[in-house]
Amino acid sequence: MSPNELASQSPYGRFLEHCARGELAFQRSRSGKALFYPRLVDPESGDEPEWAVSSGLGAVHAVTIVHQKDQQPFVLALIDLDEGFRMMSRVDTDTPDAIGIGTRVKVGFRSVAEGQPALPVFAVEGSKS
Amino acid sequence: MTTLKRGGVAIVGAAESDLGRVPDHTTPIDLMAQAVGRALKQSGLTLKDVDGLFAATSQVRMASLALAEYLGVKPKYFDGTNIGGSSFMTHLAHAHAAIEAGLCSVAVIAYGSTQRSVSRAAASPREHNAYETPYQPILPTSAYALATMRHMHQYGTTREQLAEVAVAARQWALLNPKAWEREPLTIDQVIGARMISSPLTVRDCCLVTDGGGALVVVSAARARDLDVRPVYVLGHGEAIGHNSISNMEDLTVTAAAQSGPRAFAMAGLKPSEIDVTILYDAFTITPILFLEDLGYCAKGEGGAFVSGGRIAPGGSFALNTNGGGLSYCHPGMYGMLGMIEAVDQLRGAAGKRQVKDAHRAVVHGNGGVLSSQCTVVFGSADLL
């Protein structure tokens, strides 16, 4: 047995493994409350939180079009997932101005920048992505 | 409830370092030391008297050690808390506690930054956040843009109202000979400026300058023995909301809603009694949020509050009278400079921008991405 009593895997490591399988992982507190980002300790109980996989469906909570130098402007958003947690991501779209608060979105997975692993990126629900 | 004494400590020295763009190879500690020298000179105290040292900057991890060495000070009590731009309000609250507990008697609080000289990227590299960094937000701007979008959505706050904050700051800056910006600014210019992270243009964002400052803090009893006009610390409150914007519970309510009431309760004052208000204007949305959270107006009414020239020179509400982080100076952790302005106003030393009969001032500091919130209430001697 490892002298480390903690898991053999970091929370982010496990999150990435789910991503590689096309799954958006999150956690739940003992009370059932959704928790994101994944942690070793549940802020509610102090215990290890339970892992779960999201439906990947949610709505835009807040949105901004980011104008990075030498890049096409892109949509950065906070997404409220239907299970009750919030995360930062992008919304891939050809019409950035059409993405507003409340827009329904669905998760997909792609590498955002070269050399990065596949990560959750959203598109408008029902759109081809 | 705090057991610290309202008015138990006083500011007896408050000075800026050189600001704007300092000579090449100047260090943050050079600027801290310069400001400490100037602030001590005002108080009539010397480095030999200093036994408490508080310092922070994004460029030096162990700033209190570096400053102690530079100044040849061996403090009995020191604190290098770094929670971003509100760090120095926190230092003041901690200095108050330390002085009342007898842990030190002359506390110096210092800040210095050369972020314009060395570039923002070099001066404050952002920590990697596995759940945000890959999506390439422009931080901190995109975080404040997201909060702005929520405020506009929930409360109907307009682009023009946000621009009024920048225009008023510029008008105040034109009265401040130390201000970085020297040209007038219009609402149309703010809205039409280069977009950074919608809806925020470059004119909604604080400046990138060099600069620093220092405060000298002693007990009220000691302050009365010095040949100065002390400015008393009537109240303070500290609160932390979150670290990353993804984890801010309500993007339209900051932890100022906790720090403010704590500070006002300790001071025994309410917002309507304040003569000068300095609210960290990292972005045009922030004074609007803090006016609401500190209780100057109801939630959602901040946009209307700042409209119609109310917060500009000649308006009915004296806000950010030095020109703020938007137009006067913003070395990255602006809270120190906000406190110096409040002290100058209460000492009657604010020149052409002096607010008449200023006896009570509030300074509110913000750090991170609306993350740490610290409020200080200052008063002149007649408030004791």
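### Focus on the overall build of chain B
A count of helical and extended segments in chain B gives 14 helices and 11 strands. In terms of overall dimensions, chain B is globule-like: its C-alpha atoms have a radius of gyration of 19 Å, near the 21 Å expected for 384 residues. Here chain B holds 384 residues, and 62% of them are scored as buried. A fraction of 77% describes how many contacts in chain B between residues 6 or more apart in sequence connect residues 24 or more apart. Across chain B, the centroid of the 31 positively charged side chains sits 3 Å from that of the 33 negatively charged ones.

### Description of the overall build of chain A
When its secondary structure is counted, chain A shows 1 helix and 8 strands. For chain A, the N- to C-terminal ordering of α and β elements is α-β-β-β-β-β-β-β-β. Considered along the principal axes of its C-alpha atoms, chain A spans approximately 50 × 35 × 25 Å. Every one of the 129 residues in chain A was classed for burial, and the buried ones make up 40%. Look at the contacts in chain A between residues 6 or more apart in sequence, and 45% of them connect residues 24 or more apart. For chain A, the exposed area adds up to about 7000 Å²; of that, 48% sits on carbon and sulfur atoms. In chain A, the 13 positive side-chain charges and the 17 negative ones have mean positions that sit 2 Å from each other.

### Considerations on the pairing of strand 4 (residues 107-113) of chain B
Residue and element names in this part refer to chain B. Counting buried positions along strand 4 gives 7 out of 7 residues, so the element sits mostly inside the fold. A two-sided burial pattern is seen for strand 4, the buried positions comprising Ala-107, Ile-109, Tyr-111 and Ser-113 on one face and Val-108, Ala-110 and Gly-112 on the other. Two strands pair when backbone bridges link them, and strand 2 (residues 52-56) and strand 4 are joined in this way by 5 bridges, in the parallel orientation. Among the inter-strand pairings, Phe-54 is bridged to a residue of strand 4, identified as Ile-109. Across 7 bridges, strand 4 lies against strand 7 (residues 211-219) in antiparallel orientation. Opposite Ala-110, over in strand 7, you have Ala-214 as the bridge partner.

### Description of the packing of aromatic side chains
We describe a pair of aromatic rings using the distance from one ring centre to the other and the angle between the two ring planes. Tallied over the full model, the rule gives 15 aromatic pairs over all chains. With 5.2 Å between their ring centres and 65° between their planes, Phe-15 of chain A and Tyr-131 of chain B make a pair best called edge-to-face. Of this pair, Phe-15 of chain A sits in helix 1 (residues 11-20) while Tyr-131 of chain B is found in the loop between helix 5 (120-123) and helix 6 (141-155), placing the two residues in two different chains. The class of Phe-15 of chain A is buried, set by a relative accessible area of 2%. Judged by its relative accessible area of 13%, Tyr-131 of chain B falls in the buried class. Measuring from centroid to centroid gives 4.9 Å for Phe-88 of chain B and Tyr-111 of chain B, while their planes differ by 45°, and the two rings are tilted. Here Phe-88 of chain B is found in helix 3 (residues 87-100), whereas its partner Tyr-111 of chain B is found in strand 4, with 23 residues between them in sequence. A relative accessible area of 0% means that Phe-88 of chain B is categorised as buried. Its relative accessible area of 1% is what places Tyr-111 of chain B among the buried residues.

### Some points on the pattern of salt bridges
Per the stated rule, a full pass over the model turns up 18 salt bridges over all chains. The shortest N-O distance in the salt bridge between Asp-82 of chain A and Arg-104 of chain A comes to 2.8 Å. Taken together, the positions of Asp-82 of chain A in the loop between strand 5 (74-81) and strand 6 (86-92) and Arg-104 of chain A in strand 7 (residues 104-110) put the pair 22 residues apart, joining distant regions of the chain. Assessed through its relative accessible area of 43%, Asp-82 of chain A is described here as partly exposed. Asp-293 of chain B is paired through a salt bridge with Lys-299 of chain B; the nearest N and O atoms lie 2.8 Å apart. Classification of Lys-299 of chain B by relative accessible area gives partly exposed; the value is 28%. A network of salt bridges, in which partner residues are shared, links Asp-82, Arg-104 and Glu-125 of chain A.

### Concerning the confidence of the model for chain B
For chain B, the average pLDDT comes to 97, and 99% of its residues sit at 70 or higher. Scored by ipTM, the complex comes to 0.96, with pTM at 0.97.

### Observations concerning the sheet that holds strand 2 of chain B
Residues and elements named next belong to chain B. Across the sheet, 9 strands lie side by side as 3-2-4-7-1-8-11-10-9; this open sheet has mixed pairing. What marks the edges here is a single partner per strand, and that holds for strand 3 (77-79) and strand 9 (276-279). Pairs of neighbouring strands in the sheet enclose a mean axial angle of 20°, with direction left out of account. Taken together, the 3 bridges between strand 2 and strand 3 define a ladder with parallel strand orientation.

### What about the interface of chain A and chain B?
How big an interface is tends to be expressed through the accessible area that disappears when the partners come together. Taken residue by residue, the interface counts 32 residues in chain A and 24 residues in chain B. Taken together, the two surfaces of chain A and chain B that pack against each other cover about 2400 Å², and 60% of this comes from carbon and sulfur. The largest share of the area that chain A buries against chain B comes from His-67, Met-88 and Ile-101 of chain A, three residues that together contribute 24% of it. Taken together, chain A and chain B are joined by 0 salt bridges. Inspection of the region where chain A meets chain B yields 12 residue pairs in polar contact (both at pLDDT 80 or more). The biggest single contributor to the side of chain A that touches chain B is strand 4 (residues 57-66) of chain A, with 6 residues. Grouping the constituent residues of the side of chain A that touches chain B by class yields 22 nonpolar, 7 polar and 3 charged.

### Re helix 1 (residues 28-43) of chain B
Residue and element names in this part refer to chain B. Given a rise of 1.5 Å per residue, 16 residues ought to cover 22 Å, and the 23 Å separating the end C-alpha atoms of helix 1 matches this to within 8%. Within helix 1, the full set of buried residues consists of Pro-28, Ile-29, Leu-31, Met-32, Ala-33, Ala-35, Val-36, Ala-39, Leu-40 and Ser-43. On its buried side, helix 1 packs onto strand 1 (9-16), strand 2, helix 2 (63-71), strand 4 and strand 7. Phi for Gly-44, located one or two positions after helix 1, is positive at around 80°.

So, how was this worked out
- Starting afresh in each chain, residues are numbered from 1 along the sequence in its written order.
- Chain letters start at A and ligand numbers start at 1, both assigned in the order the entries are written.
- Side-chain atom pairs in this predicted model are given and counted only at pLDDT of 80 or more, local residue features only at pLDDT of at least 70, and totals for whole chains, interfaces and linings cover all residues.
- For the side-chain quantities, the full set of heavy atoms in the structure was used; hydrogens and water were omitted.
- Counting from the N terminus, the helices are DSSP H or I runs at least four residues long and the strands are E runs at least two residues long.
- Only C-alpha atoms enter the radius of gyration; for comparison, a globular chain is expected to reach 2.2 Å times N to the power 0.38, where N is the number of residues.
- Note on exposure labels: buried denotes an accessible area under 20% of the residue type's maximum, exposed denotes more than 50%, and partly exposed covers the range between, all computed with a 1.4 Å probe on protein chains only.
- Here a residue-residue contact requires only that any non-hydrogen atoms of the pair lie within 4.5 Å.
- Positive charges come from Lys and Arg alone, negative charges from Asp and Glu alone, with His and the N- and C-terminal ends not counted.
- Charge positions are represented by NZ for Lys, CZ for Arg, CG for Asp and CD for Glu.
- Using the Shrake-Rupley algorithm and a 1.4 Å probe, accessible areas are obtained, with residue cover drawn only from the displayed protein chains.
- Any two strands are treated as partners once DSSP identifies two or more bridges connecting them.
- Only centres within 6.5 Å qualify two rings of Phe, Tyr or Trp (six-membered ring in Trp) as a pair; their planes then separate them into stacked at under 30 degrees, edge-to-face at over 60, and tilted for everything else.
- Each reported salt bridge corresponds to a side-chain nitrogen of Lys or Arg within 4 Å of a carboxyl oxygen of Asp or Glu.
- As a per-residue quantity, pLDDT reports the predictor's confidence and falls between 0 and 100.
- Orientation is described by lines fitted to C-alpha atoms, with helices fitted over the stretch in contact, and by angles between N-to-C directions that extend from 0 to 180 degrees.
- Simply put, the buried area is the total loss of 1.4 Å probe accessible area from both parts when two parts are fitted together.
- Whenever a nitrogen or oxygen atom comes within 3.5 Å of another N or O atom, the pair is scored as a polar contact, on the condition that within protein one atom can donate a hydrogen and the other can accept it, and that pairs from neighbouring residues in sequence are kept only if both atoms are in side chains.
- Classification used: nonpolar for Ala, Val, Leu, Ile, Met, Phe, Trp, Tyr, Cys and Pro, charged for Asp, Glu, Lys and Arg, polar for all others including Gly.
- Helix span is expected to be 1.5 Å times the residue number reduced by one.

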